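Fold and contact review
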Amino acid sequence: MIERLFPAEVSCAATRAETVPDGSLFPEEEALVVKAVPKRRNDFATARACARRAMAQLGLPPAPVLHGHRGRPLWPEGVVGSLTHCGGYRAAALARSTDVLSLGIDAEPHAPLPVDVRALVALPEERERIGPPEAEGTDAVHWDRVLFSAKESVFKVWYPVTRVELDFKEADLTFSQEHGEESGRTKDGVAGGSFAARLLRTDPALPTTLEGRWRIEDGVVATAVLVRPDWRTGRTG
């Protein structure tokens, strides 16, 4: 699903598997999760298995993916990328830094956000645009969950470039839908479209509006944002 959200020069790999065989991690990675609970270890290992597949598709040798501040993955020289994992879905997206300045992905279960999380994530203007929460078990798009995922992707683009954390309330997102029988609904559980994130905190290293894509499929919401090195020339795709 993630590969549908990026141009061809981005290498993507995903899995529905919850575990990987023992010995899949590099020793340096193993040291980071040696004391982790099984779920944390499995999330870490399966995402890195995806990263290794994405590296191979770029013609790169397998390499460890360690982490920095708040778990940000640390990539080999000349590579930018992003990892995500949620129940039943893990993915990696990588590109050469000559092609992409920064990218971010996120995956979430397609279900309504808890009320307290919705209040933390959405600006008043966003709440008005996405409307009230929809009930589970319908063909509705859960826009609050799409919003949450899209903001996670925005933050994953922002931090590696600026080294400054971005708050949920520092990006104002608008969405458009391209798939589905009608706006706000899925068709056979599938929907998708694009979004624009207007940054309320700015940095000269990034555009003031980031553009991304979203997709719902098989009960998962996936979002992606990409910024090119030559973004000042107006190239966005």
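It should be noted that the structure appears before, not after, this text.
Please read these numbers as outputs of a predicted model, since none were measured by experiment.

1. Focus: the pairing of strand S6 (residues 102–109)
Extensive coverage of S6 is indicated by the burial of 7 of its 8 residues. In terms of strand pairing, S6 meets strand S10 (residues 220–227) through 8 bridges, oriented antiparallel. Bridging from a neighbouring strand, Gly-104 pairs with Val-225 of S10.

2. Regarding the layout of surface pockets
Taken as a whole, the largest pocket holds about 1,000 Å³ of empty space. The set of elements that each furnish at least two residues to the lining of the largest pocket consists of helix H2 (38–57), strand S4 (79–86), S6 and helix H5 (143–162). Its residues assigned to classes, the lining of the largest pocket comprises 17 nonpolar, 8 polar and 10 charged.

3. Structural notes on empty space enclosed by the protein
One pass over the structure, following the stated rule, counts 1 cavity of 30 Å³ or more. Lining the largest cavity are Arg-118, Ile-130, Gly-131, Pro-132, Pro-133, Glu-134, Val-141, His-142, Trp-143 and Asp-144. Taken together, the residues of the lining of the largest cavity sort by class into 5 nonpolar, 2 polar and 3 charged.

4. A word on the packing of aromatic side chains
Overall, the coordinates contain 5 aromatic pairs when judged by the stated rule. One aromatic cluster is present, formed by Trp-143, Phe-175, Phe-195 and Trp-214 through successive ring pairs. Stacked on the ring of Phe-44, the Lys or Arg Arg-48 has its end atom at 3.6 Å from the ring centre.

5. Notes on the nonpolar core
Ranked by internal contacts, the top residues of the largest apolar core, which has 29 residues, are Val-154, Leu-210 and Trp-214. Every element with two or more residues in this core is listed here: H5, strand S7 (171–177), strand S8 (191–199), strand S9 (209–217) and S10. Setting aside chain neighbours within four positions, we find Leu-210 in contact with Val-154, Val-157, Phe-195, Ala-196, Ala-197, Leu-199, Val-225 and Val-227. Ala-91, Ala-93, Leu-103 and Leu-226 belong to the second-largest nonpolar core, a separate cluster that totals 20 residues.

6. Re the sheet that holds S4
Read across the sheet, 3 strands follow the order S1-S5-S4 without closing on themselves; strand pairing throughout is antiparallel. Only two strands of the sheet have a single neighbouring strand rather than two, namely strand S1 (11–15) and S4. Mean inter-strand twist for the sheet, computed between neighbouring axes without regard to direction, equals 10°. Across 8 bridges, S4 lies against strand S5 (residues 89–96) in antiparallel orientation.

7. Concerning the sheet that holds S10
Pairing is antiparallel across the open sheet formed by 5 strands, whose spatial order is S6-S10-S9-S8-S7. Strand pairing shows two members of the sheet lacking a second neighbour, S6 and S7, which therefore form its edges. Averaged over all adjacent pairs, the angle separating strand axes in this sheet is 20°, with direction ignored. Here H5 sits on the sheet and contacts S6, S7, S8, S9 and S10; the angle it forms with S6, its principal contact strand, is near 150°.

8. Details of H5
If you check H5, its first and last C-alpha atoms are 28 Å apart, about what 20 residues at 1.5 Å a residue would give, namely 28 Å. Where burial is concerned, most of H5 is hidden: 16 out of the 20 residues are buried. One or two steps after H5, the chain reaches Arg-163, where phi turns positive at roughly 60°.

9. Thoughts on the environment of Ala-54
One can find Ala-54 in helix H2. As a C-alpha pair, Ala-54 and Ala-95 span 41 residues in sequence and 8.8 Å in three-dimensional space. The contacts of Ala-54, once residues within four sequence positions are left out, are Ser-11, Ala-13 and Leu-94.

Reading guide: rules and limits
Once a new chain begins, its residue numbering starts again from 1 and follows that chain's sequence as written. Totals for whole chains, interfaces and linings use all residues, but because this is a predicted model, local features are given only for residues with pLDDT of at least 70 and pairs of side-chain atoms are given and counted only at 80 or more. Water and hydrogen atoms were dropped before computing side-chain values, which therefore reflect all heavy atoms in the structure. The classification of residues rests on relative accessible area computed with a 1.4 Å probe and restricted to protein chains. Under 20% of the type maximum is buried, over 50% is exposed, and intermediate values are partly exposed. Only runs of H or I of at least four residues qualify as helices and only runs of E of at least two qualify as strands under DSSP, and these elements are numbered from the N terminus. Strand pairing follows a simple DSSP-based rule, namely that at least 2 bridges must link the two strands. Here the term cavity refers to a set of points on a 1 Å grid, laid over the protein atoms alone, in which a 1.4 Å probe fits but cannot get out; the term pocket refers to an open set having protein on both sides within 12 Å along at least five of seven lines, with lining residues being those that place an atom within 4 Å of a point. Grid points are joined across faces, edges and corners, and a volume is the space filled by probe spheres set on the points. Each residue receives one of three labels: charged for Asp, Glu, Lys and Arg, nonpolar for Ala, Val, Leu, Ile, Met, Phe, Trp, Tyr, Cys and Pro, and polar for the others, Gly being one of them. Stacked, edge-to-face and tilted are the three classes for Phe, Tyr and Trp ring pairs, Trp counted by its six-membered ring, which pair at centre distances within 6.5 Å; planes under 30 degrees apart are stacked, over 60 edge-to-face, the rest tilted. Think of it as a cone above the ring: NZ of Lys or CZ of Arg counts as a charge over the ring if it is within 6 Å of the ring centre and within 35 degrees of the ring normal. The set of buried Ala, Val, Leu, Ile, Met, Phe, Trp, Tyr and Cys residues whose side-chain atoms join them within 4.5 Å is what this entry labels a nonpolar core. For this analysis, residues touch if any pair of their heavy atoms sits within 4.5 Å. Axis definition: a line fit to C-alpha positions, over the contact stretch in the case of helices; interaxial angles, taken between N-to-C directions, run 0 to 180 degrees. Helices are assigned an expected span. That span is 1.5 Å times one less than the residue count.

As far as function goes, none of this settles anything; it's purely spatial.
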